[in-house]
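Inside the fold
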Amino acid sequence: MAMTQLTHLVRSLTGILQRTQFMASAVIEPRCDMHTTGPSLTGRYTGRKVVEKPKEYTTRPLRMVQTGGRGEDGRVAIPRCGGGHKRNFRWVDFQRDRLIQPGRIQMVERIEKIMYDPCRSARIALTACGEDKRYLVATDDMEEGNIITTIKEIPRLPVRPNPGDCYQLGALPIGAIVCCIEKFAGHGAMICRSAGTSAQILRKVDGRCVLRLPSKQEISVSQECMATAGRVSNMKHQDVVVGKAGRNRWYGIRPHSGLWHRKTGVHGRKLRFKRLVTFNEPRGPGQTTQKLTI
């Protein structure tokens, strides 16, 4: 009995040593940032796909590396993930005021094209401002050839927002419908970016704006945060019928285990009072940089 246990221990140690040597020799030092997409867990590499982002912004479609839901150690970190069609990543700029020249408060862009993006549910718009081009999340009223404006100023009286234009929340009237909202000023849009979503401004208190999200959750953000007037494009996305299991496999979604799971009430089976969420200071950088290990 003791001899058998000792044999198993020696074999496991030998396997761990060989795996460690292989991983150490297969580390790739990328020349650009490796941006992971998909949900993340604390302390583990859980990117569904890895995007090789260059140092400077570009509108060129970027290559995406599929991980199959596996982390750097080769173990499954995200279940039900793998396969699907190959896709290229379009780098969407969520910071609308990034191209505003120093000393100015606004900028004007022209919509060159409304495009389909395989990496998100909403449509994206290719805009041009002089020689600078970038991708933006398209709103429901955007059309090719339209002129959109980004204004970074809070006037004394609220403005009348035009769909597709970007303002600071403090400049918009109460009841306005907005999307692509920043949690923290200058950190880029993080809220209401998927197809057909929007939020409504309920009230303004002490330099902060309270918004109601599609989930009826109320959040409080600074009035200096930027937001786009209108709703996100592709309003009929929620009406799309998958139709068959094979279509989910095209999307890279693998089937469930088929076992029974207890209902926890996460998806609305239990009614709970939703409290106001306040965003004061960011906890850390918005994007993480990972090294790809084979």
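First things first, this report covers the structure right here in the doc. Quick caveat, the model's predicted, so the values are computed rather than measured. (Residues numbered from 1 in each chain as written. Predicted model: local features only at pLDDT ≥ 70, side-chain atom pairs only at ≥ 80, totals over all residues. Heavy atoms only, no water.)

Structural notes on the packing of aromatic side chains
Overall, the coordinates contain two aromatic pairs when judged by the stated rule. Ring centres of Tyr57 and Trp91 lie 5.2 Å apart, and the angle between their planes is 50°; on these two criteria the pair is classed as tilted. Within this pair, whereas Tyr57 is found in the loop between β2 (49-53) and β3 (62-66), its partner Trp91 is found in the loop between β4 (88-89) and β5 (106-115), the two being separated by 34 residues in sequence. For Tyr57, a relative accessible area of 23% translates into the label partly exposed. Residue Trp91 is classed as buried on the basis of its relative accessible area, which comes to 16%. Geometrically, the ring pair formed by Phe184 and Phe279 is edge-to-face, given 6.1 Å between the ring centres and 90° between the ring planes. Of this pair, Phe184 sits in the loop between β11 (181-182) and β12 (189-191) while Phe279 is found in the segment after β17 (277-278), placing the two residues 95 residues apart along the sequence. Each member of the pair, Phe184 as well as Phe279, carries the same accessibility label: buried. Of note, Arg98 hangs over the ring of Tyr57, and the distance from its end group to the ring centre comes to 5.2 Å. A cation over a ring is seen here: Arg193 above Phe94, with NZ or CZ 3.9 Å from the ring centre. (Phe/Tyr/Trp six-rings, centres within 6.5 Å; stacked < 30°, edge-to-face > 60°. Helix = DSSP H or I, 4+ residues; strand = E, 2+ residues; numbered from the N terminus. Buried < 20%, exposed > 50% of the residue type's maximum accessible area, 1.4 Å probe, protein only. Lys NZ or Arg CZ within 6 Å of the ring centre and 35° of its normal.)

A few points about the pattern of salt bridges
A side chain of one charge can pair with a side chain of the opposite charge when the charged atoms of the two come close. Tallying each qualifying case throughout the model produces eight salt bridges. Here Glu112 and Arg110 are joined by a salt bridge, their closest N and O atoms 3.4 Å apart. Close ionic contact of Asp117 with Arg120 constitutes a salt bridge, the shortest N to O distance being 2.8 Å. According to the relative accessible area criterion, Asp117 is buried, its value standing at 0%. (Salt bridge = Lys/Arg side-chain N within 4 Å of Asp/Glu carboxyl O.)

Observations regarding a nonpolar patch on the surface
Among the surface-exposed residues, Trp250, Tyr251 and Ile253 lie close enough to one another that they form a single nonpolar patch of about 290 Å² accessible area. Checked against the element boundaries, Ile253 lands in the loop between α2 (245-250) and β17. What makes Ile253 partly exposed here is its relative accessible area of 31%. (Patch = residues over 30% accessible without salt bridge, like charges linked within 9 Å, V, L, I, M, F, W, Y side chains within 5 Å. Areas by Shrake-Rupley, 256 points an atom, 1.4 Å probe, with all protein chains shown as cover.)

Let's talk about the nonpolar core
Leu169, Val178, Ile181 and Leu211 are the most contacted members of the largest nonpolar core, which has 33 residues in total. Those elements that place two or more of their residues in this core are β6 (124-129), β7 (132-137), β10 (177-179), β12, β13 (199-205), β14 (208-212), β15 (218-222) and β16 (226-229). In contact with Val178, other than residues within four places in its own chain, are Leu169, Leu172, Ser198, Ala199, Leu211, Ala227, Thr228, Ala229 and Gly230. By size, the runner-up hydrophobic cluster in this structure holds six residues, among which are Ile111, Leu136, Ala138 and Met142. (Core = buried A, V, L, I, M, F, W, Y, C linked by side-chain atoms within 4.5 Å. Contact = heavy atoms within 4.5 Å.)

Some thoughts on the side chain of Ser220
Structurally, the position occupied by Ser220 is in strand β15. Ser220 sits in the buried class, given a relative accessible area of 6%. Apart from the residues lying within four places of it in its own chain, the contact partners of Ser220 are Arg208, Cys209, Val210, Leu276, Val277, Thr278 and Phe279.

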